Amino acid sequence: MAKKPPQLYRHFVQWLPPLSLLAPSGIWLLLLLLLPTLIILQLSLVKDIRPGDLVNPNGLDNYLRILEPLYLRVIFNSLFLAINTTIICLIVGFPVAYWIAQMSPKRWRTLLLLGFVLPLWTSSLLRSYAWITILRPTGLLNSLLTSIGLPALELLNRTPAVLIGMSYSLLPYMVLVLYASLEKLDRRLLEAAADLGANPVQTFLKVTVPQVFPGIAAGSLLVFITALGDFIDPELLGGASSMTAARLVYNQFLGATQNWGFGSALSMTLILVVSIALAVAYHSRSVPKA
């Protein structure tokens, strides 16, 4: 009678096919995500390190520097822009996604989605310059306002311009994620709520939102994380008055200051904020009760 292979060997043979499939992406993530993050963590523990200096981790001085009022304002400004961009994209994107998923003809839905995400086919830099052309004092928007007797608006190099640019850039992501959830919306529950006397607001809050809450959470998280690390829109549309954490990190690595330790500490702080957002989204992934 043949002897059975050891249990450890059987487990190894069982897991070998999935591990072989995961190996390419795992190696890719290890080399291009995990190892660079560990290097940044090491650099964040070195005070005032510059290119070519010896890496000798010696404390948390860079992280303590982030707690200074100047840099706290920069981080809070980044969070303010990311949160407001997420809210704007959710408010604007939900009706669009609902109309495409539930009210538009089925044969046109793919084409409508394609048309809505068409701006993503162009460079983000090009889109930002287009908004500069629209929002500048002599741009298209102010020319239109003055032609109908309204006062011109000072938007460029201010926070509203940054919110407009970031919301425009990230809105397609929100719509795509929401569309995937709204397409699976059970309309029988909506009809049942109407038959039971629920008004449209009650139906929306107690039937529609719970069904698509995972999509709302996923789309909001995607927009928030992308907006938090956005560099181009605040740089081009916000000017010097709209400093963000991403721009501050850029200045520490490639600007005149060349303080890689402090830039690494800022990077690790952003990673921590994103990790907290992911953890909150993970724990709230279940559909809320009506």
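Preceding this paragraph is the structure being described.
Residues numbered from 1 in each chain as written. Predicted model: local features only at pLDDT ≥ 70, side-chain atom pairs only at ≥ 80, totals over all residues. Heavy atoms only, no water.

Participant: How should I be thinking about the packing of aromatic side chains in this particular structure?
Facilitator: Two measures describe an aromatic ring pair: the distance that separates the ring centres and the angle between the ring planes. As enumerated under the stated definition, the model contains five aromatic pairs in all. Aromatic pair Phe231 and Tyr250: ring centres 4.9 Å apart, planes at 45°, arrangement tilted. Placement of the pair is Phe231 in the loop between helix 9 (200-228) and helix 10 (232-238) and Tyr250 in helix 11 (residues 245-254), with a sequence separation of 19 residues. When its relative accessible area of 39% is taken as the criterion, Tyr250 is described as partly exposed. (Phe/Tyr/Trp six-rings, centres within 6.5 Å; stacked < 30°, edge-to-face > 60°. Helix = DSSP H or I, 4+ residues; strand = E, 2+ residues; numbered from the N terminus. Buried < 20%, exposed > 50% of the residue type's maximum accessible area, 1.4 Å probe, protein only.)

Participant: Looking at this structure, how should I read a nonpolar patch on the surface?
Facilitator: Together, Ile27, Trp28, Leu29, Leu30, Leu31, Leu32, Leu33, Leu34, Leu35, Leu38 and Leu41 line one region of the surface with nonpolar side chains, adding up to about 1100 Å² of accessible area. Tracing the chain through its elements places Trp28 in helix 1 (residues 7-44). (Patch = residues over 30% accessible without salt bridge, like charges linked within 9 Å, V, L, I, M, F, W, Y side chains within 5 Å. Areas by Shrake-Rupley, 256 points an atom, 1.4 Å probe, with all protein chains shown as cover. Salt bridge = Lys/Arg side-chain N within 4 Å of Asp/Glu carboxyl O.)

Participant: Help me understand empty space enclosed by the protein in this model?
Facilitator: Unoccupied space between atoms shows up once a probe the size of one water molecule is rolled over them. Scanning all chains against the criterion turns up one cavity of 30 Å³ or more. Volume-wise, the largest cavity comes out at about 30 Å³. Sorting the residues of the lining of the largest cavity by element identifies helix 3 (69-103) and helix 9 as the ones contributing at least two each. Considered class by class, the residues forming the lining of the largest cavity number five nonpolar, two polar and one charged. (1 Å grid on protein atoms, 1.4 Å probe; cavity = no way out; pocket = protein on both sides within 12 Å on 5 of 7 lines; lining within 4 Å. Points joined across faces, edges and corners; volume = space filled by probe spheres on them. Nonpolar A, V, L, I, M, F, W, Y, C, P; charged D, E, K, R; others polar.)

Participant: Before we go on, may I ask you to explain the packing of helix 3 against helix 9 in this structure?
Facilitator: Packed helix pairs are characterised by how far apart their axes lie and by the angle those axes make with each other. Their axes nearest at 9 Å, the elements helix 3 and helix 9 cross at an angle of 140°. By the angle between their directions, the pair helix 3 and helix 9 is classed as oblique. Viewed along their axes, helix 3 and helix 9 form a crossing whose handedness is right-handed. Between helix 3, through Ser78, Leu79, Ala82, Ile83, Thr85, Thr86, Cys89, Leu90 and Phe94, and helix 9, the contact on the second element is made entirely by Phe204, Thr208, Val212, Ile216, Ser220, Val223, Phe224, Ala227 and Leu228. Class assignment for the residues of the contact of helix 3 with helix 9 results in 13 nonpolar, five polar and no charged. (Axes fitted to C-alpha atoms, helices over the stretch in contact; angles between N-to-C directions. Parallel < 35°, antiparallel > 145°, perpendicular 65-115°, else oblique. Left-handed = near helix turned anticlockwise from the far one by under 90°. Contact = heavy atoms within 4.5 Å.)

Participant: How do you make sense of the packing of helix 9 against helix 12 (residues 260-283) when you look at a structure like this?
Facilitator: Between helix 9 and helix 12, the shortest axis-to-axis distance is 11 Å and the interhelical angle comes to 175°. Relative to helix 12, helix 9 is oriented roughly antiparallel. Note on element contacts: helix 12 touches helix 9 through Leu270, Val273, Val274, Ala277, Leu278 and Ala281, opposite Leu221, Phe224, Ile225 and Leu228. Of the residues belonging to the contact of helix 9 with helix 12, the class tally is ten nonpolar, no polar and no charged.

Participant: Before we go on, may I ask you to explain the pattern of salt bridges in this structure?
Facilitator: Between side chains of opposite charge, pairing is possible as soon as their charged atoms come close. Scanning all chains against the criterion turns up two salt bridges. For the salt bridge of Arg247 with Glu235, the shortest nitrogen-to-oxygen distance reads 2.8 Å. In this pair, Arg247 is assigned in helix 11 and Glu235 in helix 10, connecting sequence segments twelve residues apart. Here Glu235 falls in the partly exposed class, since its relative accessible area comes to 35%.

Participant: In this structure, what is going on with the side chain of Ser44? I would like to understand it.
Facilitator: As for its placement among the helices and strands, Ser44 is situated in helix 1. For Ser44, a relative accessible area of 0% translates into the label buried. Here the side chain of Ser44 touches Leu41 through a polar contact of 2.6 Å, landing on its backbone oxygen. Ignoring anything within four residues of it in the chain, the contact list for Ser44 reads Gly59, Asn62, Tyr63, Gly261, Ser264, Ala265 and Met268. (Polar contact = N/O pair within 3.5 Å; in protein donor to acceptor, adjacent residues only side chain to side chain.)

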